[in-house]
Amino acid sequence: MISELRRAFNASWTPEKYARFQTLLDEGCGTHVPFRNSETPVFFPRELLDKMAAYGVELVAQLMKPEYLRHSDATIPPQYNVANENPKPMFIQADFGIDLAGEPKLVEIQAFPSLYAYQPYLAETYRKAYDLGFDLHSLLGGMEGAEYIDLLRRAIVADHAPEHVVLLEIDPLHQKTLPDFLLTERLLGVRAVCVTKVEKRGRKLYYEGRPIERIYNRAIVDELERKAIKPAFDFRDDLDVEWAGHPNWYFRISKFSIPYLNHVSVPRTIFLDQVREIPADLESWVLKPLYSFAGLGVVIGPTRADIDAIANRSEYILQERVEFAATIDTPHGMTKAEVRIMYIWLPEQDAPRAVTTIIRTGRGKMMGVDHNRNLEWVGASAGFWPG
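Residues numbered from 1 in each chain as written. Predicted model: local features only at pLDDT ≥ 70, side-chain atom pairs only at ≥ 80, totals over all residues. Heavy atoms only, no water.

Description of the overall build of the chain
Looking only at helices and strands, one finds 10 helices and 20 strands in the chain. Rg of the C-alpha trace for the chain: 21 Å, near the compact-globule value of 21 Å for 387 residues, within the 12% margin. Once the C-alpha set of the chain is aligned to its principal axes, its extents read approximately 65 × 55 × 40 Å. Counting all 387 residues of the chain, 54% fall into the buried class. Within the chain, contacts between residues separated by at least 24 positions form 76% of all contacts whose residues are at least 6 apart in sequence. (Helix = DSSP H or I, 4+ residues; strand = E, 2+ residues; numbered from the N terminus. Rg over C-alpha atoms; globule rule 2.2 N^0.38 Å. Buried < 20%, exposed > 50% of the residue type's maximum accessible area, 1.4 Å probe, protein only. Contact = heavy atoms within 4.5 Å.)

Details of the environment of I258
Along the polypeptide, I258 turns up in the loop between helix 9 (249-252) and strand 12 (269-271). Leaving out residues up to four positions away in the same chain, I258 has contacts with L106, V107, E108, V266, T269, I317 and Q319.

A closer look at the packing of helix 2 (residues 15-29) against helix 7 (residues 178-188)
Relative orientation of the contacting elements helix 2 and helix 7 amounts to 55 degrees, with a least axis distance of 9 Å. Our classification of the angle between helix 2 and helix 7 gives oblique. For the pair helix 2 and helix 7, contact is made by E27, G28 and C29 and by P179, L182, L183 and R186, respectively. (Axes fitted to C-alpha atoms, helices over the stretch in contact; angles between N-to-C directions. Parallel < 35°, antiparallel > 145°, perpendicular 65-115°, else oblique.)

Notes on the pairing of strand 18 (residues 353-362)
Along strand 18, 9 of the 10 residues are buried, which leaves the element largely enclosed by surrounding structure. In this structure, strand 17 (residues 333-344) lies alongside strand 18, joined through 9 bridges in antiparallel fashion. Looking at strand 18, one finds that V339 is bridged to I359. Bridge analysis of strand 18 against strand 19 (residues 379-381) gives 3 bridges, and the strand direction is antiparallel. Bridged to I359 within strand 19 is S381. (Pairing = 2+ DSSP bridges.)

A short note on the pattern of salt bridges
A full pass over the atoms with the stated rule returns 25 salt bridges. Between E103 and K51 there is a salt bridge whose closest N-O contact spans 3.1 Å. Here the residue E103 occupies a position in the loop between strand 2 (91-98) and strand 3 (104-110), and K51 occupies one in helix 3 (residues 46-63), the gap between them amounting to 52 residues. In this structure E103 comes out as partly exposed when scored by relative accessible area, which is 29%. Where R340 meets D95, a salt bridge forms, and the shortest distance between an N and an O atom there is 2.7 Å. Of the two residues, R340 is situated in strand 17 and D95 in strand 2; the sequence distance between them amounts to 245 residues. Across this residue pair, the class does not change: R340 and D95 are buried. (Salt bridge = Lys/Arg side-chain N within 4 Å of Asp/Glu carboxyl O.)

Examining unusual backbone geometry
Trans is the prevailing form of peptide bonds, just as negative phi is the prevailing case for residues other than glycine. Of note, D131 is a non-glycine position whose phi angle comes to about 50 degrees, a positive value. Along the chain, D131 turns up in the loop between helix 5 (118-130) and strand 4 (136-137). You can call D131 exposed: its relative accessible area is 67%. If you check the backbone angles, W377 has positive phi at about 60 degrees while not being a glycine.

Comments concerning the pairing of strand 5 (residues 165-169)
In terms of burial, strand 5 is largely enclosed, as 5 of its 5 residues are buried. Of the two faces of strand 5, the one holding V165, L167 and E169 and the one holding V166 and L168 are both buried throughout. Two elements, strand 5 and strand 10 (residues 214-217), share 4 bridges in a ladder whose sense is parallel. Among the inter-strand pairings, L168 is bridged to a residue of strand 10, identified as N217. Taken together, the 4 bridges between strand 5 and strand 6 (residues 191-194) define a ladder with parallel strand orientation. Bridging across to strand 6, E169 finds its partner in C194.

A word on the side chain of S254
Note on placement: S254 falls in the loop between helix 9 and strand 12. In this view, S254 contacts I109, L290 and Y291; residues no more than four positions away in its chain are not counted.

With respect to helix 2
Each α-helix turn comprises 3.6 residues. Residues three or four places apart therefore point the same way. Between its first and last C-alpha, helix 2 extends 21 Å over 15 residues, near the 21 Å set by a 1.5 Å rise per residue. For helix 2, the complete set of buried residues consists of Y18, F21, L24, L25, G28 and C29. For helix 2, the buried positions fall inside an angular range of 120 degrees around the axis, keeping them on one side. Seen from the open side of helix 2, the exposed residues pointing more than 90 degrees away from its buried face are P15, E16 and E27. In this fold, the buried residues of helix 2 make contact with helix 5 and helix 7. One or two steps after helix 2, the chain reaches G30, where phi turns positive at roughly 80 degrees. (Expected span 1.5 Å × (residues − 1). Arc of directions from axis to C-beta.)

Considerations on the layout of surface pockets
Taken as a whole, the second largest pocket spans an internal volume of roughly 440 Å³. Lining the second largest pocket we find 20 residues, and of these P120, E124, S138, L139 and G145 sit closest to its centre. Broken down by secondary-structure element, the contributors of at least two residues to the lining of the second largest pocket are helix 5, strand 4, helix 6 (145-156) and helix 7. Broken down by element, the residue count for the lining of the second largest pocket peaks at 4 residues, all from helix 5. (1 Å grid on protein atoms, 1.4 Å probe; cavity = no way out; pocket = protein on both sides within 12 Å on 5 of 7 lines; lining within 4 Å. Points joined across faces, edges and corners; volume = space filled by probe spheres on them.)

A look at the side chain of R252
Tracing the backbone through its elements, the reader meets R252 in helix 9. A relative accessible area of 9% means that R252 is categorised as buried. For R252, the side chain forms a polar contact with the main-chain oxygen of L69, separated by 3.2 Å. Setting aside residues up to four positions removed in sequence, R252 forms contacts with Y68, L69, S72, D73, T75, I76, E85 and S257. (Polar contact = N/O pair within 3.5 Å; in protein donor to acceptor, adjacent residues only side chain to side chain.)

Just geometry here; none of it tells us what the structure is for.
In C-alpha coordinates:
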(Lines give C-alpha, C1' and ligand atoms only; values in the text may rest on other atoms or scores of the structure.)
Protein backbone atom coordinates (compact mmCIF):
# COMPACT_ATOMS: atom_id res chain seq x y z
CA MET A 1 0.00 0.00 0.00
CA ILE A 2 2.81 2.41 0.92
CA SER A 3 5.52 1.58 -1.57
CA GLU A 4 8.55 2.80 0.38
CA LEU A 5 7.55 0.85 3.50
CA ARG A 6 6.80 -2.22 1.38
CA ARG A 7 10.16 -2.11 -0.37
CA ALA A 8 12.03 -1.65 2.90
CA PHE A 9 10.18 -4.52 4.58
CA ASN A 10 10.67 -6.92 1.67
CA ALA A 11 14.37 -6.08 1.48
CA SER A 12 14.90 -6.75 5.20
CA TRP A 13 12.74 -9.88 5.48
CA THR A 14 14.41 -13.18 6.24
CA PRO A 15 13.06 -16.67 6.98
CA GLU A 16 14.71 -16.42 10.39
CA LYS A 17 12.70 -13.30 11.28
CA TYR A 18 9.47 -15.01 10.24
CA ALA A 19 10.36 -18.06 12.32
CA ARG A 20 10.99 -15.77 15.29
CA PHE A 21 7.64 -14.08 14.67
CA GLN A 22 5.85 -17.45 14.77
CA THR A 23 7.70 -18.49 17.94
CA LEU A 24 6.89 -15.23 19.71
CA LEU A 25 3.26 -15.52 18.66
CA ASP A 26 2.84 -19.03 20.05
CA GLU A 27 4.74 -18.24 23.24
CA GLY A 28 2.76 -15.08 23.88
CA CYS A 29 -0.60 -16.75 23.27
CA GLY A 30 0.26 -19.72 25.45
CA THR A 31 -0.74 -22.12 22.68
CA HIS A 32 0.06 -22.86 19.05
CA VAL A 33 -1.79 -20.52 16.70
CA PRO A 34 -3.51 -22.98 14.34
CA PHE A 35 -4.27 -20.67 11.45
CA ARG A 36 -1.80 -19.15 9.02
CA ASN A 37 -0.41 -15.71 9.78
CA SER A 38 1.23 -13.99 6.85
CA GLU A 39 4.94 -13.34 6.60
CA THR A 40 4.15 -9.64 6.43
CA PRO A 41 1.94 -6.98 7.94
CA VAL A 42 0.20 -4.55 5.59
CA PHE A 43 1.04 -0.82 5.47
CA PHE A 44 -1.95 1.44 4.77
CA PRO A 45 -2.30 5.16 4.20
CA ARG A 46 -4.07 6.54 7.25
CA GLU A 47 -6.63 8.26 5.01
CA LEU A 48 -7.77 4.92 3.59
CA LEU A 49 -8.31 3.36 7.02
CA ASP A 50 -10.08 6.52 8.22
CA LYS A 51 -12.42 6.33 5.22
CA MET A 52 -13.25 2.68 5.92
CA ALA A 53 -13.83 3.42 9.60
CA ALA A 54 -16.18 6.31 8.73
CA TYR A 55 -18.04 4.19 6.18
CA GLY A 56 -18.68 1.53 8.80
CA VAL A 57 -20.18 4.07 11.19
CA GLU A 58 -22.42 5.39 8.40
CA LEU A 59 -23.60 1.87 7.55
CA VAL A 60 -24.41 1.05 11.16
CA ALA A 61 -26.38 4.31 11.45
CA GLN A 62 -28.62 3.12 8.60
CA LEU A 63 -29.16 -0.20 10.36
CA MET A 64 -30.19 1.46 13.62
CA LYS A 65 -33.23 3.12 12.04
CA PRO A 66 -36.59 1.81 13.34
CA GLU A 67 -37.74 0.72 9.90
CA TYR A 68 -34.76 -1.59 9.40
CA LEU A 69 -34.95 -2.90 12.97
CA ARG A 70 -38.56 -3.90 12.36
CA HIS A 71 -37.46 -5.85 9.28
CA SER A 72 -34.67 -7.50 11.24
CA ASP A 73 -37.10 -8.87 13.84
CA ALA A 74 -37.77 -11.67 11.38
CA THR A 75 -34.12 -12.78 11.44
CA ILE A 76 -34.14 -13.90 15.08
CA PRO A 77 -35.13 -17.58 15.42
CA PRO A 78 -37.82 -17.92 18.10
CA GLN A 79 -35.76 -20.52 19.99
CA TYR A 80 -32.81 -18.08 20.20
CA ASN A 81 -34.65 -14.84 20.90
CA VAL A 82 -32.75 -13.76 24.01
CA ALA A 83 -34.51 -11.63 26.61
CA ASN A 84 -33.44 -8.14 27.70
CA GLU A 85 -31.96 -7.07 24.36
CA ASN A 86 -29.60 -4.12 24.55
CA PRO A 87 -30.66 -1.12 22.44
CA LYS A 88 -27.47 -1.23 20.36
CA PRO A 89 -24.76 -3.74 19.45
CA MET A 90 -21.56 -3.62 21.48
CA PHE A 91 -19.23 -5.32 18.96
CA ILE A 92 -19.38 -4.67 15.21
CA GLN A 93 -17.10 -5.48 12.29
CA ALA A 94 -17.29 -4.14 8.75
CA ASP A 95 -15.23 -5.93 6.09
CA PHE A 96 -13.99 -4.00 3.06
CA GLY A 97 -12.09 -4.88 -0.07
CA ILE A 98 -10.35 -2.27 -2.21
CA ASP A 99 -11.59 -2.00 -5.78
CA LEU A 100 -9.54 -1.20 -8.87
CA ALA A 101 -10.15 2.52 -8.34
CA GLY A 102 -8.73 2.31 -4.82
CA GLU A 103 -12.13 2.70 -3.14
CA PRO A 104 -13.40 0.59 -0.22
CA LYS A 105 -16.28 -1.76 -1.04
CA LEU A 106 -18.25 -3.60 1.61
CA VAL A 107 -17.85 -7.38 1.72
CA GLU A 108 -19.99 -7.99 4.79
CA ILE A 109 -20.98 -6.54 8.15
CA GLN A 110 -21.65 -8.31 11.43
CA ALA A 111 -22.42 -7.58 15.07
CA PHE A 112 -20.57 -10.33 16.87
CA PRO A 113 -17.28 -10.33 18.81
CA SER A 114 -14.15 -11.11 16.86
CA LEU A 115 -10.45 -11.28 17.80
CA TYR A 116 -10.40 -8.23 20.07
CA ALA A 117 -7.60 -9.57 22.29
CA TYR A 118 -5.59 -11.43 19.67
CA GLN A 119 -5.38 -8.80 16.95
CA PRO A 120 -3.55 -6.09 18.93
CA TYR A 121 -1.16 -8.76 20.20
CA LEU A 122 -0.55 -9.95 16.64
CA ALA A 123 0.34 -6.41 15.60
CA GLU A 124 2.78 -6.01 18.47
CA THR A 125 4.37 -9.35 17.61
CA TYR A 126 4.98 -8.16 14.05
CA ARG A 127 6.48 -4.99 15.51
CA LYS A 128 8.83 -6.90 17.82
CA ALA A 129 9.88 -9.66 15.43
CA TYR A 130 10.60 -7.30 12.55
CA ASP A 131 11.74 -4.28 14.60
CA LEU A 132 9.14 -2.04 12.96
CA GLY A 133 9.56 0.85 15.38
CA PHE A 134 6.94 2.97 17.11
CA ASP A 135 6.30 5.46 14.32
CA LEU A 136 3.85 2.88 12.91
CA HIS A 137 0.43 2.51 14.53
CA SER A 138 -2.03 -0.39 14.56
CA LEU A 139 -4.81 0.99 16.77
CA LEU A 140 -7.28 3.39 15.16
CA GLY A 141 -8.32 6.86 16.18
CA GLY A 142 -5.02 7.71 17.86
CA MET A 143 -5.64 5.15 20.59
CA GLU A 144 -2.78 3.83 22.73
CA GLY A 145 -2.48 0.33 24.13
CA ALA A 146 -3.50 1.11 27.72
CA GLU A 147 -6.55 3.03 26.51
CA TYR A 148 -7.57 0.13 24.32
CA ILE A 149 -7.34 -2.40 27.15
CA ASP A 150 -9.39 -0.11 29.38
CA LEU A 151 -12.05 0.22 26.66
CA LEU A 152 -12.13 -3.55 26.17
CA ARG A 153 -12.45 -4.06 29.94
CA ARG A 154 -15.35 -1.61 30.12
CA ALA A 155 -17.09 -3.48 27.31
CA ILE A 156 -16.55 -7.05 28.50
CA VAL A 157 -16.22 -6.85 32.28
CA ALA A 158 -18.03 -3.53 32.97
CA ASP A 159 -18.33 -3.06 36.76
CA HIS A 160 -18.24 -6.76 37.66
CA ALA A 161 -15.46 -8.81 39.20
CA PRO A 162 -13.75 -10.77 36.38
CA GLU A 163 -14.40 -14.10 38.12
CA HIS A 164 -18.13 -13.50 37.62
CA VAL A 165 -17.75 -12.84 33.89
CA VAL A 166 -17.30 -15.66 31.36
CA LEU A 167 -16.40 -15.89 27.70
CA LEU A 168 -19.07 -18.35 26.52
CA GLU A 169 -18.10 -20.71 23.70
CA ILE A 170 -18.57 -24.27 22.47
CA ASP A 171 -15.64 -26.49 23.48
CA PRO A 172 -13.28 -23.49 23.62
CA LEU A 173 -10.09 -25.56 23.97
CA HIS A 174 -10.65 -26.96 20.48
CA GLN A 175 -11.62 -23.74 18.70
CA LYS A 176 -9.18 -22.13 16.26
CA THR A 177 -9.77 -18.89 18.17
CA LEU A 178 -8.33 -20.35 21.41
CA PRO A 179 -5.35 -17.91 21.24
CA ASP A 180 -7.82 -15.02 21.50
CA PHE A 181 -9.56 -16.67 24.47
CA LEU A 182 -6.30 -17.16 26.34
CA LEU A 183 -5.22 -13.57 25.67
CA THR A 184 -8.63 -12.33 26.85
CA GLU A 185 -8.10 -14.18 30.13
CA ARG A 186 -4.60 -12.73 30.48
CA LEU A 187 -5.75 -9.17 29.78
CA LEU A 188 -9.04 -9.14 31.67
CA GLY A 189 -9.13 -12.19 33.94
CA VAL A 190 -12.16 -13.57 32.04
CA ARG A 191 -12.10 -17.32 31.42
CA ALA A 192 -13.45 -19.14 28.39
CA VAL A 193 -16.21 -21.53 29.45
CA CYS A 194 -17.98 -24.21 27.43
CA VAL A 195 -21.71 -23.64 27.15
CA THR A 196 -22.28 -27.25 28.28
CA LYS A 197 -20.51 -26.55 31.61
CA VAL A 198 -22.91 -23.80 32.68
CA GLU A 199 -25.55 -24.65 35.29
CA LYS A 200 -28.92 -22.97 35.85
CA ARG A 201 -30.50 -22.46 39.26
CA GLY A 202 -33.66 -20.42 39.13
CA ARG A 203 -32.90 -17.26 37.15
CA LYS A 204 -29.15 -17.47 37.77
CA LEU A 205 -26.35 -19.20 35.86
CA TYR A 206 -23.29 -20.76 37.50
CA TYR A 207 -19.89 -22.10 36.49
CA GLU A 208 -17.96 -24.28 38.94
CA GLY A 209 -20.23 -23.04 41.72
CA ARG A 210 -19.61 -19.34 41.02
CA PRO A 211 -22.50 -17.15 39.85
CA ILE A 212 -22.19 -15.76 36.32
CA GLU A 213 -23.16 -12.10 36.23
CA ARG A 214 -22.07 -11.16 32.71
CA ILE A 215 -21.50 -13.16 29.50
CA TYR A 216 -19.13 -12.27 26.68
CA ASN A 217 -20.84 -14.47 24.13
CA ARG A 218 -18.76 -16.20 21.46
CA ALA A 219 -21.04 -19.22 20.94
CA ILE A 220 -22.42 -19.23 17.39
CA VAL A 221 -25.95 -20.49 16.91
CA ASP A 222 -24.99 -22.28 13.67
CA GLU A 223 -22.55 -24.48 15.59
CA LEU A 224 -25.01 -25.12 18.41
CA GLU A 225 -27.50 -26.38 15.84
CA ARG A 226 -24.97 -28.32 13.77
CA LYS A 227 -23.64 -30.17 16.82
CA ALA A 228 -27.09 -30.55 18.44
CA ILE A 229 -25.83 -28.99 21.68
CA LYS A 230 -28.46 -28.50 24.39
CA PRO A 231 -27.27 -26.13 27.15
CA ALA A 232 -28.65 -26.42 30.67
CA PHE A 233 -30.42 -23.10 30.13
CA ASP A 234 -32.79 -21.88 27.45
CA PHE A 235 -31.69 -18.78 25.55
CA ARG A 236 -35.27 -17.52 25.86
CA ASP A 237 -35.18 -17.62 29.67
CA ASP A 238 -35.43 -14.35 31.57
CA LEU A 239 -32.04 -14.80 33.21
CA ASP A 240 -30.42 -12.67 35.85
CA VAL A 241 -27.38 -12.00 33.68
CA GLU A 242 -25.94 -9.23 31.52
CA TRP A 243 -24.66 -9.74 27.99
CA ALA A 244 -21.46 -8.17 26.69
CA GLY A 245 -22.66 -8.22 23.13
CA HIS A 246 -26.31 -9.27 23.17
CA PRO A 247 -26.83 -12.42 21.03
CA ASN A 248 -29.81 -11.01 19.08
CA TRP A 249 -27.54 -8.57 17.26
CA TYR A 250 -25.76 -11.50 15.57
CA PHE A 251 -28.92 -11.89 13.48
CA ARG A 252 -29.96 -8.25 13.17
CA ILE A 253 -26.68 -7.03 11.68
CA SER A 254 -25.41 -9.63 9.26
CA LYS A 255 -25.50 -10.45 5.55
CA PHE A 256 -29.27 -10.01 5.91
CA SER A 257 -28.58 -6.29 6.35
CA ILE A 258 -26.75 -5.70 3.09
CA PRO A 259 -29.77 -5.45 0.72
CA TYR A 260 -31.16 -2.69 2.96
CA LEU A 261 -28.04 -0.54 2.78
CA ASN A 262 -27.81 2.43 0.45
CA HIS A 263 -24.20 3.57 0.38
CA VAL A 264 -21.40 4.24 -2.09
CA SER A 265 -19.40 1.37 -0.60
CA VAL A 266 -22.12 -1.28 -0.95
CA PRO A 267 -22.32 -3.41 -4.13
CA ARG A 268 -25.76 -4.25 -5.45
CA THR A 269 -27.20 -7.02 -3.27
CA ILE A 270 -30.51 -8.89 -3.59
CA PHE A 271 -32.24 -11.54 -1.49
CA LEU A 272 -32.18 -14.67 -3.60
CA ASP A 273 -35.90 -15.31 -3.14
CA GLN A 274 -36.60 -11.83 -4.54
CA VAL A 275 -34.64 -12.36 -7.75
CA ARG A 276 -37.27 -12.42 -10.51
CA GLU A 277 -34.88 -13.57 -13.20
CA ILE A 278 -31.54 -15.25 -12.59
CA PRO A 279 -28.80 -13.03 -14.09
CA ALA A 280 -27.27 -14.34 -17.29
CA ASP A 281 -23.81 -13.21 -16.11
CA LEU A 282 -23.69 -15.28 -12.91
CA GLU A 283 -19.88 -15.21 -13.08
CA SER A 284 -20.20 -11.53 -12.06
CA TRP A 285 -22.10 -12.38 -8.85
CA VAL A 286 -21.40 -13.97 -5.46
CA LEU A 287 -23.86 -16.31 -3.74
CA LYS A 288 -23.77 -16.05 0.07
CA PRO A 289 -25.72 -17.75 2.87
CA LEU A 290 -27.08 -15.23 5.38
CA TYR A 291 -25.59 -16.84 8.47
CA SER A 292 -22.19 -18.46 8.16
CA PHE A 293 -18.65 -17.84 9.37
CA ALA A 294 -15.24 -18.13 7.69
CA GLY A 295 -16.69 -18.09 4.19
CA LEU A 296 -18.69 -21.30 4.60
CA GLY A 297 -21.16 -21.76 1.75
CA VAL A 298 -20.00 -18.72 -0.25
CA VAL A 299 -19.85 -19.37 -4.01
CA ILE A 300 -18.08 -16.89 -6.27
CA GLY A 301 -19.49 -17.01 -9.80
CA PRO A 302 -22.23 -19.56 -9.02
CA THR A 303 -23.82 -21.71 -11.70
CA ARG A 304 -27.53 -22.09 -12.33
CA ALA A 305 -27.21 -25.56 -10.80
CA ASP A 306 -25.82 -24.03 -7.58
CA ILE A 307 -28.89 -21.82 -7.30
CA ASP A 308 -31.35 -24.54 -8.26
CA ALA A 309 -29.94 -26.73 -5.50
CA ILE A 310 -30.94 -24.25 -2.78
CA ALA A 311 -34.13 -25.31 -1.04
CA ASN A 312 -34.74 -22.13 0.97
CA ARG A 313 -33.77 -19.14 -1.14
CA SER A 314 -34.79 -16.67 1.58
CA GLU A 315 -31.62 -17.70 3.44
CA TYR A 316 -29.27 -16.50 0.66
CA ILE A 317 -28.26 -13.30 -1.08
CA LEU A 318 -26.79 -12.56 -4.49
CA GLN A 319 -24.20 -9.80 -4.47
CA GLU A 320 -22.52 -8.15 -7.43
CA ARG A 321 -18.92 -9.25 -7.57
CA VAL A 322 -16.34 -6.50 -7.15
CA GLU A 323 -12.89 -6.96 -8.65
CA PHE A 324 -10.50 -6.17 -5.83
CA ALA A 325 -7.09 -4.73 -6.53
CA ALA A 326 -3.89 -6.63 -5.79
CA THR A 327 -1.98 -3.94 -3.90
CA ILE A 328 0.63 -5.78 -1.82
CA ASP A 329 3.91 -6.47 -3.59
CA THR A 330 5.37 -9.73 -2.26
CA PRO A 331 8.14 -12.07 -3.42
CA HIS A 332 5.36 -14.43 -4.59
CA GLY A 333 3.42 -11.87 -6.58
CA MET A 334 0.88 -9.13 -6.07
CA THR A 335 -1.56 -9.94 -3.30
CA LYS A 336 -5.02 -8.68 -2.30
CA ALA A 337 -6.16 -7.55 1.15
CA GLU A 338 -9.51 -7.55 2.89
CA VAL A 339 -9.76 -5.14 5.82
CA ARG A 340 -12.00 -5.77 8.80
CA ILE A 341 -12.63 -2.59 10.77
CA MET A 342 -13.47 -3.53 14.35
CA TYR A 343 -15.70 -1.37 16.52
CA ILE A 344 -16.70 -1.19 20.16
CA TRP A 345 -19.92 0.62 21.05
CA LEU A 346 -20.37 1.30 24.75
CA PRO A 347 -23.82 2.30 26.04
CA GLU A 348 -22.74 5.87 26.78
CA GLN A 349 -21.26 6.43 23.29
CA ASP A 350 -23.28 8.09 20.54
CA ALA A 351 -21.66 6.00 17.79
CA PRO A 352 -19.43 2.94 17.44
CA ARG A 353 -15.72 3.58 17.93
CA ALA A 354 -13.29 2.05 15.43
CA VAL A 355 -10.48 0.47 17.42
CA THR A 356 -8.33 -1.82 15.25
CA THR A 357 -8.27 -4.01 12.14
CA ILE A 358 -8.06 -7.61 11.08
CA ILE A 359 -6.34 -8.05 7.73
CA ARG A 360 -6.75 -11.12 5.54
CA THR A 361 -4.57 -11.43 2.46
CA GLY A 362 -4.64 -13.86 -0.42
CA ARG A 363 -4.14 -14.52 -4.07
CA GLY A 364 -7.18 -16.76 -4.48
CA LYS A 365 -10.83 -15.85 -5.03
CA MET A 366 -11.45 -15.49 -1.29
CA MET A 367 -9.41 -13.91 1.48
CA GLY A 368 -10.13 -16.23 4.41
CA VAL A 369 -7.18 -18.13 5.83
CA ASP A 370 -8.88 -21.42 4.97
CA HIS A 371 -8.97 -20.41 1.29
CA ASN A 372 -5.26 -19.68 0.87
CA ARG A 373 -3.65 -22.85 2.14
CA ASN A 374 -0.27 -23.99 0.80
CA LEU A 375 0.59 -20.44 -0.26
CA GLU A 376 3.25 -18.15 1.17
CA TRP A 377 3.02 -14.47 2.06
CA VAL A 378 -0.75 -14.73 2.56
CA GLY A 379 -3.10 -15.35 5.48
CA ALA A 380 -4.14 -13.42 8.55
CA SER A 381 -2.22 -10.22 9.17
CA ALA A 382 -2.21 -6.85 10.92
CA GLY A 383 -2.52 -3.36 9.53
CA PHE A 384 -0.15 -0.48 10.26
CA TRP A 385 -0.25 3.16 9.32
CA PRO A 386 2.50 5.79 9.68
CA GLY A 387 2.02 8.91 11.76
